[in-house]
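# Breakdown of the fold
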Amino acid sequence: MSALLAEIRGLSVSYGRDDARSFALQDVDLDIAKGRRLAVIGESGSGKSTLALALAGLLAPQARIAGEIGWPGLAHVPMAGRDIGMVFQDPGGSLNPVLTIGEQVAEGAVRHLGLDWRAARSHALALLERVRIPDPQAALGAYPHQFSGGQRQRIAIAAAIAAKPGLLIADEPTSALDMVVQAEIVALLDDLVREAGMTLVFITHDIALASGLADDIAVFQRAQLVEKGAAQAVLTKPAHAYTKQLLAAQIDFSTPRLIDGVADA
Ligand SMILES: Nc1ncnc2c1ncn2[C@@H]1O[C@H](COP(=O)(O)OP(=O)(O)OP(=O)(O)O)[C@@H](O)[C@H]1O
């Protein structure tokens, strides 16, 4: 049994006035095991991104929060950028168009690892090589618009892990990409988290994509966590009608790796 990284207890997040409050998350209890890959699945608006932002301490100031997130084993509440790396759907959103790739990937190492810019640039070069950006030396001085969508996402991943975070949260990181590139990015994330022993929270509406990578699955529907468990169990013996519906929709599109690809629990 893995140690716990995070313990989410009775977490509710709501927006709006008292008389018209809408819940983005409602009474969520979820454990995130250290070193495992958790897929958070659900339709649009089910609260997945809210969960990611709550973990990273990045909820909007107007969000009303109840319940708690505990970090057993950590001496302090983790900080986004340093202890938690974030990758979003649109790498354009996380990369600054007017800064070079080198500056952006090196920045986390300067700020959080205390490297000087020269050392951070070497660190950035190694990271760009690691995420397989062609000609990484030239890439250091290039700008985001000079890369394809898939390459930009690889660069955003390099920037997200530059400070060596223990937790990587990827929020729909492949939704804007074509299917071949999607699979490559998922494989890259999988390699990186295994290598570094990172914990991964992978948010997606695509249960088939999640099945290739997840150890554990949490299924959200309308702000509620409706099912959670080891990926193998959730995918082969779903307990909740909504999970069954998601699986049935995938099976209709005949995704053979849905069950075959499930990581061992
Ligand atoms: N800052 C905010 N102010 C008001 N409502 C919000 C805010 N952020 C999220 N919500 C609402 O909370 C609900 C959950 O949103 P959330 O983005 O977490 O869902 P999601 O499952 O990630 O959806 P998607 O896949 O479309 O990103 C939605 O109804 C959304 O409109």
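Residues numbered from 1 in each chain as written. Predicted model: local features only at pLDDT ≥ 70, side-chain atom pairs only at ≥ 80, totals over all residues. Heavy atoms only, no water.

With an unreviewed UniProt entry as reference, the chain is termed ABC transporter ATP-binding protein, source organism Nitratireductor rhodophyticola. Quoted verbatim from the Sequence similarities (unreviewed entry) field of the UniProt record, the comment on the chain reads "Belongs to the ABC transporter superfamily." UniProt, in its Subcellular location (unreviewed entry) section for the chain, records the words "Cell inner membrane". (UniProt positions renumbered as here; feature names shortened; annotations may be inferred.)

To continue, consider the packing of helix H3 (residues 101-113) against helix H6 (residues 149-160). Think of two packed helices as two axes; the pair is described by the angle between the axes and how far apart they sit. Where H3 meets H6, the axes come as close as 7 Å, and the angle between the chain directions of the two elements is 30°. When the axes of H3 and H6 are compared, the pair comes out roughly parallel. Across from Ile101, Gln104 and Val105 in H3, the residues of H6 making contact are Ile155, Ala158 and Ala159. Of the residues in the contact of H3 with H6, the class split is five nonpolar, one polar and no charged. (Axes fitted to C-alpha atoms, helices over the stretch in contact; angles between N-to-C directions. Helix = DSSP H or I, 4+ residues; strand = E, 2+ residues; numbered from the N terminus. Parallel < 35°, antiparallel > 145°, perpendicular 65-115°, else oblique. Contact = heavy atoms within 4.5 Å. Nonpolar A, V, L, I, M, F, W, Y, C, P; charged D, E, K, R; others polar.)

Turning next to H3. Two residues of an α-helix separated by three or four positions point the same way, owing to the 3.6 residues in each turn. Counted at 1.5 Å a residue, the expected span for H3 with its 13 residues is 18 Å, and the 18 Å between its end C-alpha atoms agrees. Those residues of H3 not exposed but buried are Ile101, Gly102, Gln104, Val105, Ala106, Gly108 and Ala109. Those residues of H3 that are buried lie in contact with helix H2 (91-94), helix H4 (117-130), helix H5 (136-140) and H6. Note on H3: the residue one or two positions beyond its end, glycine 114, has a positive phi of about 70°. (Expected span 1.5 Å × (residues − 1). Buried < 20%, exposed > 50% of the residue type's maximum accessible area, 1.4 Å probe, protein only.)

This part is about unusual backbone geometry. Of note in this structure, arginine 132 is not a glycine but carries a positive phi near 60°. Along the chain, the position of arginine 132 falls in the loop between H4 and H5. For arginine 132, a relative accessible area of 47% corresponds to the partly exposed category. Its identity is not glycine, yet aspartate 135 carries a phi of approximately 45°, on the positive side. Along the chain, the position of aspartate 135 falls in the loop between H4 and H5.

Pairing is antiparallel across the open sheet formed by three strands, whose spatial order is S2-S1-S4. The open sheet is flanked by strand S2 (22-33) and strand S4 (64-70), the only strands paired with a single partner. The average angle at which neighbouring strand axes cross in this sheet is 5°, direction not considered. Here strand S1 (residues 4-15) pairs with S4 via six bridges, running antiparallel. Note on S4: the bridge partner recorded for serine 12 is alanine 66. Lying on the sheet, helix H1 (residues 48-56) is in contact with S1, S2 and S4; it crosses S1 at an angle near 120°. (Pairing = 2+ DSSP bridges.)

Right, let's talk about the sheet that holds strand S6 (residues 167-171) for a bit. Judged by pairing direction, the sheet is mixed, and its six strands sit side by side in the order S5-S6-S7-S3-S8-S9 without closing on themselves. What marks the edges here is a single partner per strand, and that holds for strand S5 (84-87) and strand S9 (224-230). The sheet shows a mean angle of 15° between the axes of neighbouring strands, taken without regard to direction. Alignment of strand S3 (residues 37-42) against strand S7 (residues 199-204), held across five bridges, turns out to be parallel. Looking at S7, one finds that arginine 37 is bridged to leucine 200. Contacts between H6 and the sheet are confined to S5 and S6, with S5 contributing the most and set at about 165° to the helix.

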